[in-house]
Amino acid sequence: MKKICIYARVSTKGQDYQRQLSELREYASRMNYEVVREFSEKISGAKSVAERQALTELLDYAAANRIDKVLVYECSRISRRAIDFLQVI
């Protein structure tokens, strides 16, 4: 069974990331993945990776715990800045 983390992000405090989490959990279940941790935050995707606490925690956790995959709802949830997106990938 693959060990995975889930990452969800919305841009404003008025938005909710529960739909992202729900759909990612369902996908993980269908794929028989073990969700070991979830990370979520409400912050603009234009912020740098260093400014995004949950994303930084996710990257550190994944590296330290041999995570097989990270599930995100769509690429823009990682970053809206191409350079940051490529750096994370």
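Residues numbered from 1 in each chain as written. Predicted model: local features only at pLDDT ≥ 70, side-chain atom pairs only at ≥ 80, totals over all residues. Heavy atoms only, no water.

S.K.: Let's hear about the side chain of Ser48: which residues, and what values?
M.R.: In this structure, Ser48 sits in the loop between β2 (34–42) and α2 (53–64). If sequence neighbours within four positions are ignored, Ser48 has contacts with Arg81 and Asp84. (Helix = DSSP H or I, 4+ residues; strand = E, 2+ residues; numbered from the N terminus. Contact = heavy atoms within 4.5 Å.)

S.K.: Let's hear about helix α1 (residues 18–30): which residues, and what values?
M.R.: For α1, spanning 13 residues, the distance from its first C-alpha to its last is 18 Å, which sits close to the expected 18 Å at 1.5 Å a residue. Among the residues of α1, Gln20, Leu21, Leu24 and Ala28 are the ones counted as buried. On an axial view of α1, the arc spanned by its buried residues comes to 95 degrees, and they lie on one face. For α1, exposure combined with an orientation more than 90 degrees from the buried face picks out Arg19, Ser29 and Arg30. Check the buried side of α1 and you find it contacts β1 (3–10), β2 and β3 (69–72). Note on α1: the residue one or two positions beyond its end, Asn32, has a positive phi of about 60 degrees. (Expected span 1.5 Å × (residues − 1). Buried < 20%, exposed > 50% of the residue type's maximum accessible area, 1.4 Å probe, protein only. Arc of directions from axis to C-beta.)

S.K.: For the sheet that holds β3, give the residues involved together with the corresponding values.
M.R.: Sheet architecture is open: three strands sit in the order β2-β1-β3, paired in parallel fashion. At either end of the open sheet lies a strand with only one pairing partner, and these are β2 and β3. The sheet shows a mean angle of 20 degrees between the axes of neighbouring strands, direction not considered. When β1 meets β2, the two strands line up parallel, connected through eight bridges. Each bridged residue has a counterpart across the sheet, and for Val10 the counterpart in β2 is Lys42. Contacting β1, β2 and β3, α1 crosses the sheet at an angle of about 160 degrees to β1. Each of β1, β2 and β3 touches α2; the most contacted strand, β2, lies at about 155 degrees to it. (Pairing = 2+ DSSP bridges. Axes fitted to C-alpha atoms, helices over the stretch in contact; angles between N-to-C directions.)

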